[in-house]
Amino acid sequence: MKLRGRYGRFGGFYVPEVLIPALEDIEAGFERFRGDPKFTAELDDLSRHYAGRPTPLYHAKRFSEHVGFQVYIKREDLLHGGAHKVNNALGQGLLAKYMGKKKLIAETGAGQHGLATAMIGALFGMETKIFMGSVDVARQNVNVHKMKLCGAEVVSVSGGTCTLKDAINDALRYWTSHVDDTFYLFGTAGGPHPFPMIVRHFQSPIGTEARAQCIMQFGRLPDIVTACVGGGSNAIGIFSGFLDDAAVKLVGVEGGGKGLNTREHCATLTTGSVGVLHGAQTYVLQDETGQIRKTECISAGLDYPGVGPEHAYLKDSGRAAYYAVTDEQVLDVFERFTRSEGIIPALESSHALAWLVQQKGKLPKETVAVVNLSGRGDKDVSIVEQHRPMR
Ligand SMILES: *Cc1c(COP(=O)(O)O)cnc(C)c1O
């Protein structure tokens, strides 16, 4: 596996030696089952009847009028659990089952991936342990409760900043001594090989469906495809459908927080430098001594100091472009979009919408932009209320 898992100079698997056989085991399992007719039939059936695929592509007419060009929304917010995360949890959970693993572990920040994994643990009757920073446990109480309702154990992690990156460190550490019966269900298109490849694969239906829907619904490919980028799984999912279509501009949008001139943001690709984090060489937010910086932005799901290696590669090769928008711009579009469409977007997904608003007046009316609406914003209503109290 030495040369695999490389995206140019990015990727790889910089992990303790004890984990290499476990990663190779997952890679072998994935290669064995990804094309297996029984596996793909079961995944397809669950994707439809459990998760809710395919999701619609919706022409947001009133929002389009606002920005002055045509905006189509890929409705991942309609999936079970309220976000794209179920695609990956379902795929990897089924892979774990086919590989004969009895237990699942996962990391979580805001609790969205933890919840998706807990749902799948319940679905397959597998013992599930979720690692979560103690700060996040305290501030994401509702998700902790939901995970427990699904029967998962939530392990509160104290160490470092007691947030997502520390939860990943602890989950990897735990895995080193439980590799025999435990599958690490990684939450985004990052981390060591083979996770970036596997997560991309299970998120790729977003892009495959969106491309076919564009041709069906308006008879051509879109001009722009955009998505928010935390670790990069929903973005690589939709990008993967259009990578070979050179005329389609791919845009990833990161959390600019309080502004790129402050330290309170999570714009890894826009402002970071190359380093190694969680087993992969990629862009990271680090200080002069290589210490990982504390990140902060309004949407917990984007609050991560690293990014999937394929995005690092797409940035350097110029195939995709990455920008950041601020919390204020995100709050503005959250309100605007909800009022014009009656759809409450996740704060994460609102980053991509906010970038579109910045293009207002710069694009011809016939321009078509497809946005991946990665999740619904019900979870964010009280956060928005804190920033923008309603009269
Ligand atoms: C977790 C999450 C994200 C960020 O994760 P990616 O791996 O970058 O997709 C984005 N949107 C929503 C709704 C999320 O829950």
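Criteria and thresholds
Throughout this description, residue numbers start from 1 for each chain and increase along the sequence as written. Local features are withheld for residues below a pLDDT of 70 in this predicted model, meaning they are given only at 70 or higher, and side-chain atom pairs are given and counted only at 80 or more; totals for whole chains, interfaces and linings count all residues. Remark: hydrogens and water are excluded; side-chain values derive from all non-hydrogen atoms of the structure. Two strands make a pair as long as DSSP finds a minimum of two bridges between them. A run of H or I in DSSP becomes a helix once it reaches four residues, and a run of E becomes a strand once it reaches two; helices and strands are each numbered from the N terminus. All axes are obtained by fitting lines to C-alpha atoms, using only the stretch in contact for helices, and the reported angles, taken between N-to-C directions, cover 0 to 180 degrees. Here, residues are in contact when the closest pair of their heavy atoms is within 4.5 Å. Put simply, a disulfide is two cysteine sulfurs that come within 2.5 Å. Exposure categories follow from relative accessible area, calculated using a 1.4 Å probe and restricted to protein chains: below 20% of the type maximum is buried, above 50% is exposed, and the middle band is partly exposed. Multiplying one less than the number of residues by 1.5 Å gives the expected span of a helix. In this description, the arc belongs to the directions extending from the helix axis to the C-beta atoms.

Novice: Which residues make up the sheet that holds strand E3 (residues 57–59), and what are the values?
Specialist: Note: strands within a sheet are paired through backbone hydrogen bonds, in either parallel or antiparallel orientation. As summarised here, the arrangement of the six strands in space is E3-E4-E14-E9-E10-E13, forming an open sheet in which the pairing is mixed. A strand with exactly one partner marks an edge of an open sheet, and here the two such strands are E3 and strand E13 (320–325). In this sheet, neighbouring strand axes are inclined to one another by 25° on average, regardless of whether the strands run parallel or antiparallel. As judged from the five bridges shared by strand E9 (residues 224–228) and strand E10 (residues 249–255), these two strands associate in the parallel manner. Note that in E10 the partner of valine 225 across the bridge is leucine 250. Taken strand by strand, helix H10 (residues 205–218) contacts E3, strand E4 (70–75) and strand E14 (368–373), and its axis lies near 135° from that of E4.

Novice: Account for the state of the cysteines, with residues named and values stated.
Specialist: Taken as a whole and judged by the stated rule, the model has one disulfide. Linked covalently through their sulfurs, cysteine 266 and cysteine 297 form a disulfide whose S-S length is 2.2 Å. On the sign convention where negative is left-handed, the bridge of cysteine 266 and cysteine 297, at about 140° about the S-S bond, is right-handed. Of this pair, cysteine 266 sits in the loop between E10 and helix H12 (268–271) while cysteine 297 sits in the loop between strand E12 (280–284) and helix H13 (309–317); the two residues are 31 residues apart in sequence, bridging distant segments of the chain. Judged by relative accessible area, which is 1%, cysteine 266 ranks as buried. For cysteine 297, a relative accessible area of 10% translates into the label buried.

Novice: An account of the sheet that holds strand E6 (residues 127–133) is needed here, citing residue identities and associated values.
Specialist: Taken in spatial order, the four strands of this open sheet run E7-E6-E5-E8, and their pairing is parallel. The strands lining the two open edges of the sheet, one partner per strand, are strand E7 (153–157) and strand E8 (182–184). Each adjacent strand pair in this sheet contributes to an overall mean axis angle of 25°, direction not counted. Bridging between strand E5 (residues 103–108) and E6 involves six bridges; their strand directions are parallel.

Novice: How would you explain helix H2 (residues 37–51) if you had to name every residue and give the values?
Specialist: For H2, which comprises 15 residues, the first-to-last C-alpha distance of 20 Å matches the rise-based estimate of 21 Å (1.5 Å per residue) to within 8%. Buried within H2 we find Phe39, Leu43, Leu46, Ser47 and Ala51. For H2, the buried positions fall inside an angular range of 105° around the axis, keeping them on one side. Facing away from the buried side of H2, by more than 90 degrees, are the exposed residues Pro37, Lys38 and His49. Check the buried side of H2 and you find it contacts helix H1 (20–33), helix H4 (85–98), helix H5 (112–124) and helix H9 (195–203). Count one or two residues on from H2 and you reach glycine 52, which has phi positive near 105°.

Nothing here speaks to function; it is all geometry.
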